[in-house]
Number of protein chains: 2
Amino acid sequence: MNTELKKRAPRRKSNAISVMDVARAAGVSTATVSRVLNGNGTVAPALQDRVREIAQNLGYTPHAAARALASQRSKIIGAVIPSLENQNFALGVFALQKRIGEAGYTLLLACSYYDQEDELKQVRALIADGIAGLMLVGRSHSPALYELLAKERIPLVNGWTVDQHHPYVGFDNVAVGRRIAEYLLDLGHVHFGMITQMTQHSDRAADRIMGVRTALQTRGLELRHEHLIEMPHKIIEGQMAMRALMQGPVRPTAVICGTDLLAVGALAEAHEAGIDVPGELSIAGINDIEFSSFTTPPLTTMRLPADEIGTRSAEYLLAHIEGRPVSSQNIVPTDLIVRGTTGRAPGRG
Amino acid sequence: MNTELKKRAPRRKSNAISVMDVARAAGVSTATVSRVLNGNGTVAPALQDRVREIAQNLGYTPHAAARALASQRSKIIGAVIPSLENQNFALGVFALQKRIGEAGYTLLLACSYYDQEDELKQVRALIADGIAGLMLVGRSHSPALYELLAKERIPLVNGWTVDQHHPYVGFDNVAVGRRIAEYLLDLGHVHFGMITQMTQHSDRAADRIMGVRTALQTRGLELRHEHLIEMPHKIIEGQMAMRALMQGPVRPTAVICGTDLLAVGALAEAHEAGIDVPGELSIAGINDIEFSSFTTPPLTTMRLPADEIGTRSAEYLLAHIEGRPVSSQNIVPTDLIVRGTTGRAPGRG
DNA sequence: TTGTAAGCGTTATCAT
DNA sequence: ATGATAACGCTTACAA
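Residues numbered from 1 in each chain as written. Chains lettered and ligands numbered in written order. Predicted model: local features only at pLDDT ≥ 70, side-chain atom pairs only at ≥ 80, totals over all residues. Heavy atoms only, no water.

As recorded in an unreviewed UniProt entry, chain A goes by Catabolite control protein A and comes from Paraburkholderia ultramafica.

Right under this line is the structure:
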């Protein structure tokens, strides 16, 4: 039997500073360095300071992959949003990133393009990358996705929605729809139109429609089928939708738009068509984007604090990861912002 | 000497499927599985198919951290942008994410908040996470950042700019400023104002100002000190700036805004002040955001294709990582979009 | 309190 | 063409 050591060419190593380098420089073991830098274990205060200083001077940054592999946890949080084109989500992600960054976590970001299968694929990739937590948008996700997350024990939070079965940070989109509809009903409107994003891709849009419908039904009114138009989420599509709405036999006097972006398009069409807003026609949006204060007239809308959703989602995830107690139900406040595009129904003034 | 095996409590393992599981199920070694899945090495075609199928059926996803550790490379690309509030950057990141996603990479996203030190910190974190490539915005970065990247041999691309010393995907912001100024000069304007973002935080803003200045000087004109206003990047700030501009002794007849967002604010102020645009005053933006087609009148601006910057940055990075040849200089086309907010100088019509 | 070394899930080297 | 196994950089169970 051969007892000599097998020799083998060393593998290509990164030229970065490692725990070994720090340990050697400090005259201690790698275990001690690790303990100091991770704040667990017990190391004499004086030694701690010395190790920390040496690590600092050497410019040591722990290799995240190695750490993740050894400890079976990572400092990466994932988020999958439908699209970054929607500023609402961009702002939410921005706030999320900021908050987790303060806690030493980094953000792995993916987009689902409003598709559940894509979303599942993205989540698989994020899991492979070892995320410690995940933020999603809405509550309609692939069952396989929920299973996967449960199996891997990865904390999840659904944003921009409320959810019976999973932790969430958001608001009740049904209530949002109801609220804006009730406001217009109180203004005497009877004939309603609605322009929304594709409900096929957005449980939020579907909820808002339901809210509007509910409010109308309570007053014995209804949202006529031909007065509900679903469009891709673009200003120009909002304009097209409004044009279609104004060509029907019964013209609505109040048009609720699922988002401000669509409302801006609707408003632009009213302008072009010479329709007086809010004299002849009231238009309302949902979101309160920066722009909405600067349309003419300024847009009446519902304020939905995207940044707060991001921040509180981050806080939920961090707390959950670190084992601190947190509520799984996180309602974020919404507000009706009355500006210039809404008024009493014509002839009810 | 003690020759018995040391026993030790097993460490907490993840319950995910590993190469071992696949290897066992296929009756081969882990090496073979790895070779099949990574497409290197040489494995009999029939075996390849079998292994691939088994891996598929088992739902095997390689552990990214372990892979990164063993292979010293990762499938993660990093990006640090000033802010996600700026839709321009959001769109660029969106395109970048999409393109690298198609190639099996994921996106680690961080924000610098327009601060070089923050940016350096974020890049450090991304490097620790083992990014295979990095996209930054602009060309003004901490020297330490450049050193770090060089030392770690991480490919970098600077977006939204041109750069003498580093790979870039973007356009010459000086030329953009010059172009819009020349257009207005040709319209007979002599008195110019300019509203821009804080140059302190943006080499792009500084470049655009220089471009405007250059154009004016060529015609023997100048941008007066009190006619250049730097503001945070908000619509309302654009409005404030315009108000200030209109209160001075010499009122400009043409105001160039560093971004469309500022231009929207400026336009709103002109409206409120009862100033006729473009009769009395021409206003131009830079960016061509979706909104700019829907202001009244629609905004004249420079089109800067953010999505193309993202896509081409992704392509540069991927090519570089995979050792394919690519150009380090990537100019993206910009266009003057003449719409309704600009016209001949008053009295020159 | 500190050190030793096993083990995390892969890849890549060497042997067969 | 395939298998055995060292090595990747770190954390942590256990020994000292």
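1. Some points on the interface of chain B and chain A
Taken together, the contact between chain B and chain A spans 56 residues of the former and 56 residues of the latter. Summing both sides of the interface, chain B and chain A together bury roughly 4,800 Å²; the carbon and sulfur share of this comes to 61%. Among the residues of chain B in contact with chain A, B:Phe94, B:Phe291 and B:Phe294 are the three that bury the most area, contributing 14% of the side total. Run the count over chain B and chain A and you get 0 salt bridges. Between the two partners, chain B and chain A, sit 12 residue pairs in polar contact (both at pLDDT 80 or more). (Contact = heavy atoms within 4.5 Å. Buried area = accessible area lost by both parts, 1.4 Å probe. Salt bridge = Lys/Arg side-chain N within 4 Å of Asp/Glu carboxyl O. Polar contact = N/O pair within 3.5 Å; in protein donor to acceptor, adjacent residues only side chain to side chain.)

2. So, the protein's contact with DNA strand C
Around DNA strand C, the structure places 37 residues, and the nearest of them are A:Thr32, A:Arg35, A:Ala44, B:Ser34 and B:Arg73. By atom count, sugar and phosphate contribute 66% of the portion of DNA strand C lying within 4 Å of the protein. Contact between DNA strand C and A:Ser29: a phosphate oxygen at 3.1 Å from a main-chain N or O atom of the residue. Side-chain polar atom of B:Ser34 to a phosphate oxygen of DNA strand C: 2.7 Å apart, as the coordinates give it. Only helix H2 (30-38) and helix H4 (64-71) of chain A together with helix H2 (30-38) and helix H4 (64-71) of chain B provide two or more residues apiece to the surface near DNA strand C. Taken together, the residues of the surface near DNA strand C break down into 14 nonpolar, 14 polar and 9 charged. (Near = heavy atom within 4 Å. Helix = DSSP H or I, 4+ residues; strand = E, 2+ residues; numbered from the N terminus. Nonpolar A, V, L, I, M, F, W, Y, C, P; charged D, E, K, R; others polar.)

3. Comments concerning the UniProt feature "domain: HTH lacI-type" (unreviewed entry) in chain A
Within the UniProt annotation, "domain: HTH lacI-type" (unreviewed entry) is assigned to residues 17-71 of chain A. With 71% helix and 0% strand, residues 17-71 of chain A has end C-alpha atoms that lie 20 Å from one another. (UniProt positions renumbered as here; feature names shortened; annotations may be inferred.)

4. Examining the relation of the copies chain B and chain A
For the match of chain B to chain A, the screw axis carries a shift of 0.1 Å, the RMSD comes to 0.1 Å, and the turn is 180 degrees. Overall, the copies show the geometry of a two-fold rotation axis. Here 100% of the contact residues of chain B are again contact residues in chain A; the copies associate through an equivalent surface. (Least-squares fit on C-alpha atoms with pLDDT ≥ 70 in both.)

5. What to know about the pattern of salt bridges
All names here are of chain A. Considering all chains together, one arrives at 30 salt bridges over all chains under this definition. With a closest N to O distance of 2.5 Å, Arg339 and Asp288 form a salt bridge. In this pair, Arg339 is assigned in the segment after strand E12 (335-337) and Asp288 in the loop between strand E9 (282-284) and strand E10 (301-303), connecting sequence segments 51 residues apart.

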